[in-house]
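So you can see what is in the structure, the chains are spelled out below.
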Amino acid sequence: MRNVGATYSRSVLRRLAHSALFFLCLLTQTVNAFDKLSIDVEKIDTKDWQLNDVSLILLNIDQQTQQLVLSIKQLTLPEPFTDIRFFDVQCLSFSWQDNEVLCDKGKANIKSSRFISSPFDFSFAITDKQSHFNIKNLKFSQGILSLNAKVEGDTWSLKLKSKDILLQHLKPLLPEKLLDDISSGSVDADIKASGNHSGLDHLVFKTQFKKVSLQAKQGKLAAESLNLTLDLVAKHKQGSWQWENNSHIQQGELYIDPVYMDIKGQGITLNTKGLWHKQGVIELQQVKLTQPYVVNLTAQGLINTKTEAPIETANISADIEDLDVFTQQYVMPFMEQTGLEGIHLKGLLTAQINIAKSAIEQVLVKLKRLDVSDDKNRLAIEQVKGGLNWSNTEAESKPSYIHWDKLKVKVIPIEAGELKFLLLNKRITLLEKSRIPLLGGVLDINQFDWHKDTTDEPTVYFSGAIHDLSLEQLTTALDWTPLSGNISGSIPGVDYKDKTLTVKGGLKVNVFDGTIKIKQLASSGMFSDFAKFHMDMELDNLDLYALTQKFKMGAMEGRVSGFVKDLYLENWSPVTFYAWLGTPDNDDSRHRISQKAVQNIASVGGGGAADVISKGFLRFFDTFGYDRLGFGCYLHNGVCQLMGVEAAEQGYYIIKGGGIPRIDVVGYNPQVDWAVLMQRLSRISMTDEVVIE
């Protein structure tokens, strides 16, 4: 635009004016009675401009005020106006005096392949020192435009005002593929520009967009009924541009893939200020984003657009007053179809982020009154406060801490606790031992370290202990059959490396007046679709009466011990194990078993005794004595090899009778399909009915 105004005013209008001046002087000296002067020029060439078939008629020469009629049949303009082909100007009030050519009252028309204007008011002035022209009341796209341009020496200036210009009609004037569609909206603009022969020096751009609805980038950018004001001031000095921008979205809907915003209330304000150097370096002196009652964000930085890591330095500060609105609007759209989908945050957060060479160097976060909830019930936290200090270098590292009032992991509630740790690069390290109240007991965390190696796979180490964790609270939380007792154990080391979990030491579960020891825990692919799991288990002197009272299988008295060796699961289904549960040696407790228990045990082992009870005199007894009981399984290839306390003439004894009345339960099926066995056990635990097979 700067060259258009400057070159046309000096090279063309002044040339025409001087030609008119020459002829006028010549003729007025010889023929004062002439009242009309006509000049026809076939072609006028100047830099980037071409005018063909120019006609200039000067009327009322002998009067103080003249009339000038100018028509141009063919006009070629420089970019971006090359499609304009006709320009018609009529001056109704034209004067020349003291080397000055003036058109005070004029009319003009502009015709283009993109638009055709109706007549508008036009005026211009050409002098030795300066030239200017004005356009008023140009009706365009159901709105009005006015333009003032001035050239003085090597400098030029331009002022443009518009009112109620429909955006749909501007789309053909914009670069192709910039916008997919503009369905509605209008714009008011007040633009001022100035410069010299070298280019633009100063720009003031004030616009107001009203009720804008559009789409761009194949639907990745969209607006609906958007009201936006945009003010920009830019100055060029010594090869650099200094700018200041103020933008305010008052209301409407805005979608910037994948973020959707329904803007209400006080809207959103963005203010920026900085320098743009000709070497491609951008100094961001101030960036300020404000959404009242939601977030205040400020930033400063240095950007080099000609390097692979364009962000030389950046400092970002954020004060988030409403985490719920902020995360749902700006964060969660990026978390869809990830592990964080469905997470909700409430509370206050302040953050400081430092960036160098396009890499994050340090993040400082303060949390206040943070609540976390999850649509999938994986995690819930109440009243969190803390300071998270992450650093990429050890020299800048600072301790972090987090405190919570209530915490729930899936269905496991955890009481108030606190952790102090160090966040350094790709590492999280516990700084102090922590004791966390858990399910009526205590979880000791003595050591914890998490880090990622060069393959970006996590490695975890943990050591600690569990003291008197309540089985009743645990089973209630898991919605299992409530059990009494507790869990304790020392965990000298837990390693997770190469997607494999290994647990050193073991857990001791005090339950049913006996103990269960779990050891040799190991797992691989825990977080994949095909997890593998291994463990050994020892059961010592469990009270059968306490055990059977918790399950619907009939009452039994006595003690049992046993083991599960080499338990191996794939995708949480057993593949192989060797298990045994039976009366321990030297057990001197009372041994009694109810009729219902006999029948259910017989149904599991596929053995006899149930038929004898139902047909013989034993049906009149509620309980029976027994000497020993035992049941074992070796699982391999989906088949369970069954065994009892000792061999029988046919099969094996599951219950060896003793006392009065006594009864034997014999199993006849040495092998059973694992799925069938699980069905039998399921029927016992899920119903009070006795099933005999």
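Per chain, residues are indexed from 1 in the order of the written sequence. Side-chain atom pairs in this predicted model are given and counted only at pLDDT of 80 or more, local residue features only at pLDDT of at least 70, and totals for whole chains, interfaces and linings cover all residues. No hydrogens and no water enter the side-chain calculation; it runs on all heavy atoms of the structure.

(A) Structural detail: the nonpolar core. Residue types Ala, Val, Leu, Ile, Met, Phe, Trp, Tyr and Cys, when buried and joined through side-chain atoms within 4.5 Å, form a set referred to as a nonpolar core. Burial status follows relative accessibility: with a 1.4 Å probe on protein chains alone, a residue under 20% of its type maximum counts as buried, one over 50% as exposed, and anything between as partly exposed. Of all hydrophobic cores here, the largest spans 122 residues; its most connected members are F122, F124, I516, F577, I593 and I655. Setting aside anything within four residues of it in sequence, one finds I655 in contact with I593, I601, Y626, R628, L629, I663, D664 and V665. Counting five residues, the second largest nonpolar core, distinct from the first, contains L37, L56, L58 and I61. When checking whether two residues touch, look at their non-hydrogen atoms; a contact exists if any pair is within 4.5 Å.

(B) Structural detail: the environment of K357. For the purposes of this entry, the term helix denotes a DSSP run of H or I that reaches at least four residues, the term strand denotes a run of E that reaches at least two, and both are numbered from the N terminus. When you line up the elements, K357 lands in the loop between β19 (343-356) and β20 (359-374). With a relative accessible area of 54%, K357 lands in the exposed category. In this structure, the C-alpha to C-alpha distance between K357 and T307, residues 50 residues apart in sequence, is 9.5 Å. Residue contacts for K357: discarding those within four places in its chain leaves A309, I311 and E312.

(C) Broad picture of the state of the cysteines. Sulfur atoms of two cysteines make up a disulfide when they are within 2.5 Å. Evaluated as defined, the whole model comprises one disulfide. Disulfide pairing places C633 opposite C640 at an S-S distance of 1.5 Å. Of the two residues examined, C633 and C640, each falls in the buried class.

(D) Broad picture of unusual backbone geometry. Following D257, the chain continues to P258 via a peptide bond in cis, the omega torsion being 5°. Along the chain, P258 turns up in the loop between β13 (240-256) and β14 (259-263). For S225, which is not glycine, the phi torsion reads 50° and is therefore positive. Mapped onto the elements of the fold, S225 is located in strand β12 (residues 221-237). Its relative accessible area of 31% is what places S225 among the partly exposed residues. At Q520, a position not held by glycine, the phi torsion is positive, near 60°. In this fold, Q520 is placed in strand β33 (residues 514-524).

(E) View of the environment of E432. With respect to the secondary-structure elements, E432 resides in the loop between β26 (427-430) and β27 (434-438). For E432 and L419, which are 13 residues apart along the polypeptide, the C-alpha to C-alpha distance reads 7.7 Å.

(F) Main features of the confidence of the model for the chain. With 84% of its residues at a pLDDT of at least 70, the chain reaches an overall mean of 81. The score called pLDDT rates the predictor's confidence residue by residue, from a low of 0 to a high of 100. Throughout residues 1-14 the model reports pLDDT below 50, and contacts reaching past four residues in sequence, or to other chains, amount to 36 contacts. Counting interchain partners and residues more than four positions distant, the pLDDT-below-50 stretch residues 686-693 has 17 contacts.

(G) Up close: the side chain of D449. Checked against the element boundaries, D449 lands in strand β28 (residues 441-452). Whenever two N or O atoms come within 3.5 Å, that pair is a polar contact, provided that in protein one can donate a hydrogen and the other can accept it, and provided that, for residues adjacent in sequence, both atoms are side-chain atoms. One polar contact links D449 to H451, side chain to side chain, over a distance of 3.2 Å. Apart from the residues lying within four places of it in its own chain, the contact partners of D449 are R427, I428, T429, T459, V460 and Y461.

(H) Geometry of the packing of aromatic side chains. Pairs were defined over the aromatic rings of Phe, Tyr and Trp, the Trp ring being its six-membered one, requiring ring centres within 6.5 Å. Orientation was assigned from the angle between planes: stacked under 30 degrees, edge-to-face over 60, tilted for the rest. All told, the structure shown has four aromatic pairs when counted by the stated rule. Summarising the aromatic geometry, the rings of F326 and Y330 are spaced 5.3 Å apart at their centres and angled 45° between planes, so their arrangement reads as tilted. Here F326 pairs with Y330, and both are found in helix α2 (residues 323-331), just four residues apart, close to one helical turn. Given a relative accessible area of 18%, Y330 falls into the buried group. The ring of F563 carries K565 above its face, with NZ or CZ at 4.8 Å from the centroid. Lying over the aromatic face of Y653, K656 brings its terminal NZ or CZ to 4.0 Å of the ring centre. Ring-over charges, as used throughout, are those where CZ of Arg or NZ of Lys falls within 6 Å of the ring centre and within 35 degrees of the ring normal.

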